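# Structural description and commentary
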Amino acid sequence: MPLLDTPARLPITDKIEPLLIGGKAVMGDGPVLDVINPADGSVIGRVATSSPAQVRQTVADAQDALRASGWGGRMPHERARILSRAADEIERQADHLAELQMMENGKTRSESRGQAIMAAGIFRYFAAVCECSEDTMPPARGDYFTMTVQEPVGVVAALTPWNSPLTMGAQKIAPALAAGNAVVLKAAETTSFVSLALGQCVIAAGLPDGLLSVIAGKVETAVALVEDPGIGLISFTGGTSTGQSIARGAADRLVPLILELGGKSPHIVFADSDLKAAAKSVASGIFGGTGQSCVAGSRLFVESSVADEFKQILIAEAATMRVGRPSDPDSVLGPLASFPHRERVESFVRRGVEAGGEILLGGARPEGEAFESGAYYLPTIIGGIDNSAAIAQEEIFGPVLCFMIFEDEAALIAAANDSVYGLAAGIWTGDYKRAWRVARALEAGTVWINTYKQLSVAAPFGGYKLSGLGREKGLQGMRAYQQSKSLYWAA
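Here is a short report on the structure shown in this document. This structure is a prediction, so every number in the text was calculated from the model and none was measured.

This next bit is on the state of the cysteines. Summed over the entire model, instances satisfying the criterion amount to 0 disulfides. Free of any disulfide, Cys402 has its nearest neighbouring cysteine sulfur in Cys294, separated by 17 Å.

Bringing unusual backbone geometry into the picture now. For Leu254, which is not glycine, the phi torsion reads 55° and is therefore positive. As for its position among the elements, Leu254 is in the loop between α8 (240-253) and β11 (257-260). Judged by relative accessible area, Leu254 falls into the exposed class, the value being 74%. Even without being glycine, Asn450 reaches a positive phi, approximately 55°.

Moving on: the pattern of salt bridges. A side chain of one charge can pair with a side chain of the opposite charge if their charged atoms are brought near each other. Counted by the stated rule, this structure contains 21 salt bridges. Its salt-bridge partner being Arg124, residue Asp88 comes within 2.5 Å of it at the nearest N-O pair. Here Arg124 lies in helix α4 (residues 109-132) and Asp88 lies in helix α2 (residues 76-92), a separation of 36 residues in the sequence. The exposure class of Arg124 is partly exposed, given its relative accessible area of 30%. The residue Glu111 makes a salt bridge to Lys107 at a minimum N-O spacing of 3.1 Å. In the salt-bridge network here, residues are joined through shared partners; they are Asp272, Glu409, Arg434 and Arg437.

Before going further, it helps to examine the sheet that holds strand β13 (residues 299-303). Reading across the sheet, the 7 strands line up as β14-β15-β16-β13-β12-β18-β19 and stay open at both edges, with mixed pairing between neighbours. Each of the sheet's edge strands pairs with one partner strand only, and the pair in question is β14 (358-361) and β19 (446-449). On average, each strand axis in the sheet is inclined to that of its neighbour by 25°, with strand direction left out of account. Pairing analysis gives 5 bridges linking β13 to strand β16 (residues 400-406), with the strands arranged parallel. Among the inter-strand pairings, Arg299 is bridged to a residue of β16, identified as Cys402.

Bringing the nonpolar core into the picture now. Among the nonpolar cores identified, the biggest contains 84 residues, and Phe123, Val183, Leu225 and Ile234 are the most heavily contacted of them. Here this core takes 9 residues from α4, the largest share from any one element. Excluding residues that lie within four positions of it along the chain, Val183 makes contacts with Val156, Ala158, Ile173, Ala176, Leu177, Leu211, Leu212 and Ser213. Within the second largest apolar cluster, 29 residues are counted, among which are Ala278, Val323, Leu333 and Leu401.

Moving on, we come to the packing of aromatic side chains. Within this structure, the stated rule accounts for 7 aromatic pairs. Measuring from centroid to centroid gives 5.4 Å for Trp162 and Phe397, while their planes differ by 85°, and the two rings are edge-to-face. Separated by 235 residues along the polypeptide, Trp162 in the loop between β7 (155-159) and α5 (165-178) and Phe397 in the loop between α12 (390-393) and β16 bring together distant segments of the chain. With relative accessibility at 16%, the residue Phe397 sits in the buried group.

With burial as the criterion, only one face of β19 is covered, namely that bearing Thr446 and Trp448; the residues Val447 and Ile449 on the opposite face remain uncovered. Inspection of the sheet shows strand β18 (residues 424-428) paired to β19 by 4 bridges, in the parallel sense. Of the residues in β19, the one forming a bridge with Ile427 is Ile449. One crossover worth recording links β18 to the parallel β19 by way of helix α14 (residues 432-441), and it is right-handed.

What counts and what doesn't
- Residues numbered from 1 in each chain as written.
- Predicted model: local features only at pLDDT ≥ 70, side-chain atom pairs only at ≥ 80, totals over all residues.
- Heavy atoms only, no water.
- Disulfide = S-S within 2.5 Å.
- Helix = DSSP H or I, 4+ residues; strand = E, 2+ residues; numbered from the N terminus.
- Buried < 20%, exposed > 50% of the residue type's maximum accessible area, 1.4 Å probe, protein only.
- Salt bridge = Lys/Arg side-chain N within 4 Å of Asp/Glu carboxyl O.
- Pairing = 2+ DSSP bridges.
- Axes fitted to C-alpha atoms, helices over the stretch in contact; angles between N-to-C directions.
- Core = buried A, V, L, I, M, F, W, Y, C linked by side-chain atoms within 4.5 Å.
- Contact = heavy atoms within 4.5 Å.
- Phe/Tyr/Trp six-rings, centres within 6.5 Å; stacked < 30°, edge-to-face > 60°.
- Right-handed = clockwise from strand over helix to strand, strands pointing away.

Right, dumping it as structure tokens:
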């Protein structure tokens, strides 16, 4: 499978794309998937999938490659050099990677290119973490001395979502390889091409043969991967119900897990906020990426004394966010990632209205010939509901914002925490003491104060409650793919 140059050849419908197994192009032996462009409904290509038997062979080959290459025992700076070269290759291929992601899941070209550059940064960061990571020498409690070292877990099963396959793929592949493991990545069913292209970039950096495979398929492929006895750790980003199912299976075998799951993040606006700045942040925090983000600020809580004023500012701000083709540089919202997903979003809005909600903005597909063949949906704000409504409790994963009002801080914290999720939250206030107090009280793995969706690869990321287990990014992001061993020496 040759690496594609930029401008690159995009997949074409009369050719079945092979998979990347053991660093080589291998045709999948399972059913062929059509890949649909959600912007216009066209088939942009076809990809082979892996049967359970092929998955088992892929994992076995990864185990053999890990042993033969001695990858886990190589000096950290040697692994870091390859990760750094992978970052260079991803940057070189950024336009091509962005084009693939845009065509597969409908993200705008500008957002997709930004995520390609971010993916390169993730590899570069974990190259540095790998090279600078240190073992420890805990204090002795007897006539000996001790040392604690970190060792790889073996073959990692990585499963990525369709909403951000570039960054999510990088967040799993880079730390797992840095930690000395082999990786079998199962691409999301609708975004196989961009995941395969990302894998090609890593292979082109000089990764030893067999340490990275990228496979495609539906549920049976994923099940075969996570249930394979040769897997040493499962890293999954996606829906909570799927994560729970994976966790139940892993529990029987005591396989360690990293789960980054759903969210229903509260975005809070106090009366002393900069309301215009807050409105921009709230709008981008839910409508950016067409709302298809696990950290989307989908539950808005506004202090009652400014609720009417803020509502008008927010509606005006959201109304300026242009819906259009993802290739258009002026588009802020592209289509939803698939036509079935749009139907799911529409069903949530319909249920919200039936439960007494009021459409303050949107609530429909955009009109016009340009939108007829794509999975487009307008930015939508629903008011007249409280936090107990299903639309305020269940993850929609679309451009739908629940507008709610609070009276005091205690009631606000109770409502914000009244969710099975705990991934992220946002606070807008001019009072730094209140910001500290509320941020510490919120049950969320990430809290933004007077900003939203600012992310750093150096800071651990993960959720509370049903939003997941473990942490990605930061030093913890590499340590998660390792296991500790303590050594004792007699004096």
